[in-house]
Amino acid sequence: MKQKIKTPCILALLALVLTTSAWAEDKWMIDSQDDWAAAMSEHSNLEIKDGLAVPSDKVAVFTSKVRRFDQKRQAKSIVFEQSPIWQNWNPVDNLGPQNLADAPVFLVIGPNNYWVFGRYGGKRNKAFKPEPATLDGFDMNLQTTPWPAQFDAPGGLKKGLGGYHAWQSRDMINWVHHGPVTEGFSRWVTSAEHKDGKIYIYYDYPNDQDPHVYIDEDLTDGKPGKNMGIAVKDPSHGSDAGFIRDKQGRFHVIYEDWSPINASKRSWDSPLAGHAVSDDGIKDWKFLDPAVDNRTKDTGKIATYKHPHWLQHPEWDTNIGEYHVHEPEQEAYGDWAAICVGTQYYLFGDYDPVDGNTMSVGWFTSPSIDKPFTWCDKIGNGHPDPDIGFAEGQFYLFTQQSTDYTSPGPWVEKVETRIGVDTNNDGKLNEWTDWMEVKETYDYSQGLSKHVDKTPAKLDLTKLSSGYGFGFEMRMTDTTKNKSKPMVDRVTLTFN
């Protein structure tokens, strides 16, 4: 999926033994298709395609050539990076509260502080008698509910308002209901963000139109926060927007843009995802290039469709939308949710394919929130309207279907390596480390609820003997039960 920069000049410089002068760069990076071909000495059960080292069987091995120096050097580190396609997902039963209804919105405020928002589904059994309860991490009066591992807090006993409710968890197993966070007219909640102790709950009003926002400073009080009204004056029809703050703290919105499609015939989704940014998340949005743009050819024709909810807004006097007819038929995506892992951004959403097959969760990725996103893969069946977050050491993909998903992260196990050194300048590696496993690890990003810190798959080589040449072997073993397998994108050896 990743387009590599071709470097044919490397092929002319690299032979069976790689030689550099003493003033060469202090790193050896294997990244492009040509880099991998030039660096390879031997391999088994391995393909090099699209700049990736991809196993063709359960276990694959790559052996590098020797990178030589005119003078002795000291190895510093080796880093392995995998493909960002992120296929490492495992199906699970519904995440969150059992009576969570409608499209789930998941928000991680920090360690042991997880929130999910949705409609309050299911009817209480009138014969059920609640009893007082206690739960670790909740210093408040709780009551049992008819649903296992679910409890009502005082706010959860207040009357619903026809909108979304809030549930909180410390462990992603037990859930405490805190009551309403939006009202009936604001029931089309699409996304939530967190900044400086305040929760931004975004909703469409009317449905599939301009995002509005509540700012809530207390999710436990059983009532909505301050309704700030319209946040984003979207120039197009369609919304189902996802919000994420970037590393500078600015708010980004990714929204459906229905201008190129009859969305009413394509699950209310679109091939075009608009993008805008704001400093505070409530005003002064700057509209940018699309985040996703998979439009086909514009025929120049204009057509119309009807929307079932627009006339419910007191200020709307039409339910007719116009669009530009495109041919051939287009893929459609929407109900966007965003997350950033390390520096890699991901967009998850609906995927409605052109071939008439069942809808599923689809996702895209980009090395920057400001660059176009490229397609990764899909999973599941049905209209998902998903959300994504990181908690308890793994990633959770919520959907409104009967099956949800968890993942240990984009890294796929398992990758092992050993490093060799030529200590006597004879062109052969006469000293080797033991085989060692390398892997990425993930953790919360303080202050950014939709960002996950990544520790790279890196080994310290400073205790290795100095030498005139270096090489490595890499062994990849597919240990997963899902479709993912370890696909190495880049290897970087650095020297002092």
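Here is a short report on the structure shown in this document. Please read all numbers here as calculations on a predicted model, not as lab measurements. (Residues numbered from 1 in each chain as written. Predicted model: local features only at pLDDT ≥ 70, side-chain atom pairs only at ≥ 80, totals over all residues. Heavy atoms only, no water.)

## Observations concerning empty space enclosed by the protein
Rules: Cavities and pockets are found on a 1 Å grid laid over the protein atoms alone: a cavity is a set of points where a 1.4 Å probe fits but cannot escape, a pocket is an open set with protein on both sides within 12 Å along at least five of seven lines, and a lining residue has an atom within 4 Å of such a point. Grid points are joined across faces, edges and corners, and a volume is the space filled by probe spheres set on the points. Classification used: nonpolar for Ala, Val, Leu, Ile, Met, Phe, Trp, Tyr, Cys and Pro, charged for Asp, Glu, Lys and Arg, polar for all others including Gly.
Counted according to the given criterion, the structure contains 3 cavities of 30 Å³ or more. Reported here for the largest cavity is a volume of approximately 60 Å³. Gln 82, Ser 83, Ile 85, Trp 86, Gln 87, Pro 410, Val 412, Ser 484, Lys 485 and Met 487 together form the lining of the largest cavity. Residue composition of the lining of the largest cavity, by class: 5 nonpolar, 4 polar and 1 charged.

## Remarks on the pattern of salt bridges
Defined as follows: Salt bridge, as used here: a side-chain nitrogen of Lys or Arg that lies within 4 Å of a carboxyl oxygen of Asp or Glu. Strands here mean DSSP runs of E at least two residues long; helices mean DSSP runs of H or I at least four residues long; both are numbered from the N terminus.
In total, this model carries 15 salt bridges according to the counting rule given. Residues Glu 329 and Arg 266 are paired through a salt bridge, measuring 3.2 Å at the closest nitrogen-oxygen approach. With Glu 329 in the loop between strand S27 (320-327) and strand S28 (332-341) and Arg 266 in the loop between strand S22 (251-256) and strand S23 (272-278), this pair connects stretches of sequence that are 63 residues apart. Notably, a salt bridge pairs Glu 473 with Arg 418, separated by 2.8 Å at the nearest N-O pair. Of the two residues, Glu 473 sits in strand S41 (residues 467-477) while Arg 418 sits in strand S35 (residues 415-422), which places them 55 residues apart along the sequence. Here the salt bridges do not stand alone but share partners, grouping Asp 31, Glu 81 and Arg 490 into one network.

## Quick notes on the environment of Tyr 205
As a reminder, the rule being used: In what follows, a contact means two residues having at least one pair of non-hydrogen atoms within 4.5 Å.
Topologically, Tyr 205 is positioned in the loop between strand S18 (198-204) and strand S19 (211-216). Sequence separation between Tyr 205 and Trp 336 is 131 residues, and the spatial gap between their C-alpha atoms is 17 Å. What Tyr 205 contacts, discounting residues up to four positions off in sequence, is Phe 185, Asp 210, His 212, His 313 and Pro 314.

## Some points on the nonpolar core
Quick note on the threshold: To qualify as a nonpolar core, a set must consist of buried Ala, Val, Leu, Ile, Met, Phe, Trp, Tyr and Cys residues joined through side-chain atoms within 4.5 Å. Each residue is placed in one exposure class: buried if its accessible area under a 1.4 Å probe, protein chains only, is under 20% of its type's maximum, exposed if it is over 50%, and partly exposed if it falls in between.
Formed by 53 residues in total, the largest nonpolar core has its most connected members in Phe 80, Trp 89, Phe 348, Phe 395, Phe 472 and Met 474. Discounting chain neighbours no more than four positions away, the residues touching Trp 89 are Phe 348, Trp 363, Ile 379, Ile 388, Phe 395, Leu 397, Tyr 405, Thr 406, Ser 407 and Asn 482. By size, the runner-up hydrophobic cluster in this structure holds 16 residues, among which are Ala 192, Ile 199, Ile 201 and Leu 219.

## Comments concerning the environment of Pro 308
In this fold, Pro 308 is placed in the loop between strand S26 (297-306) and S27. For Pro 308, a relative accessible area of 56% corresponds to the exposed category. Through-space distance from the C-alpha of Pro 308 to that of Ser 264 is 9.6 Å; in sequence the pair is 44 residues apart.

## Observations concerning the sheet that holds strand S29 (residues 344-352)
What holds strands together in a sheet is hydrogen bonding between their backbones, with the strands either parallel or antiparallel. So the rule is basically this: Two strands pair under a simple rule: DSSP has to find at least two bridges between them. Fitted lines through C-alpha atoms serve as axes, helices being fitted only where they are in contact, and the angles separating the N-to-C directions of these axes extend from 0 to 180 degrees.
Read across the open sheet, the 6 strands follow the order S31-S30-S29-S28-S39-S38; overall the sheet is mixed. Either end of the sheet is taken by a strand with one partner, and the two such strands are strand S31 (374-379) and strand S38 (441-444). Between one strand and the next, the sheet's axes are offset by a mean angle of 35 degrees, whatever the strand orientation. Here S38 runs beside strand S39 (residues 451-455); their pairing, made up of 4 bridges, is antiparallel. Within the sheet, the bridge partner assigned to Asp 443 lies in S39 and is Asp 453.

## Describing the packing of aromatic side chains
For the record, the criterion: For Phe, Tyr and Trp, rings pair up if their centres lie within 6.5 Å, where Trp contributes its six-membered ring, and each pair is then called stacked (planes under 30 degrees apart), edge-to-face (over 60) or tilted (otherwise). Only when the NZ of Lys or the CZ of Arg is both within 6 Å of the ring centre and within 35 degrees of the ring normal is a charge said to sit over the ring.
Across all of its chains, the model carries 43 aromatic pairs by this definition. Ring geometry for Trp 86 versus Phe 348: centroids 5.7 Å apart, planes at 85 degrees, classification edge-to-face. Here Trp 86 is found in the loop between strand S8 (75-82) and strand S9 (90-93), whereas its partner Phe 348 is found in strand S29, with 262 residues between them in sequence. Trp 86 sits in the buried class, given a relative accessible area of 1%. Ring plane angle 85 degrees and centroid distance 6.2 Å describe the contact between Tyr 255 and Phe 287, whose orientation is recorded as edge-to-face. Here Tyr 255, found in strand S22, pairs with Phe 287, found in strand S24 (residues 286-287); they are 32 residues apart in sequence, far enough to count as distant. For Phe 287, a relative accessible area of 36% corresponds to the partly exposed category. Members of the aromatic cluster, connected to one another through ring pairs, are Trp 86, Trp 89, Tyr 346, Phe 348, Trp 363, Phe 390, Phe 395, Tyr 442 and Tyr 444. Across from the ring centre of Phe 138, 4.8 Å away, lies the NZ or CZ of Arg 170, which sits over that ring. Positioned above the aromatic ring of Phe 251, the side-chain terminus of Arg 245 is 5.8 Å from the ring centre.

## Here we look at the sheet that holds strand S10 (residues 100-110)
The strand order across the open sheet formed by 7 strands is S10-S11-S15-S16-S14-S13-S12, and the pairing between neighbours is mixed. Strands with a single pairing partner mark the edges of an open sheet, and in this sheet they are S10 and strand S12 (132-135). Shown here is a sheet whose adjacent strand axes are inclined to one another by a mean of 40 degrees, direction ignored. Bridge analysis of strand S14 (residues 150-152) against strand S16 (residues 175-180) gives 3 bridges, and the strand direction is parallel. Its bridge partner lying in S16, Phe 151 is registered against Val 176.

## Some points on unusual backbone geometry
In this structure, Pro 206 follows Tyr 205 across a cis peptide bond, with omega equal to -5 degrees. Along the polypeptide, Pro 206 turns up in the loop between S18 and S19. The peptide bond linking Glu 327 to Pro 328 adopts the cis configuration, its omega dihedral lying at -5 degrees. Tracing the backbone through its elements, the reader meets Pro 328 in the loop between S27 and S28. A positive phi angle, near 55 degrees, is found at Asp 284, a position not held by glycine. Tracing the sequence through the fold places Asp 284 in the loop between S23 and S24. Residue class for Asp 284 comes out exposed when judged on its relative accessible area of 66%. Notably, Asn 425 is not glycine yet its phi reads approximately 65 degrees, a positive angle.

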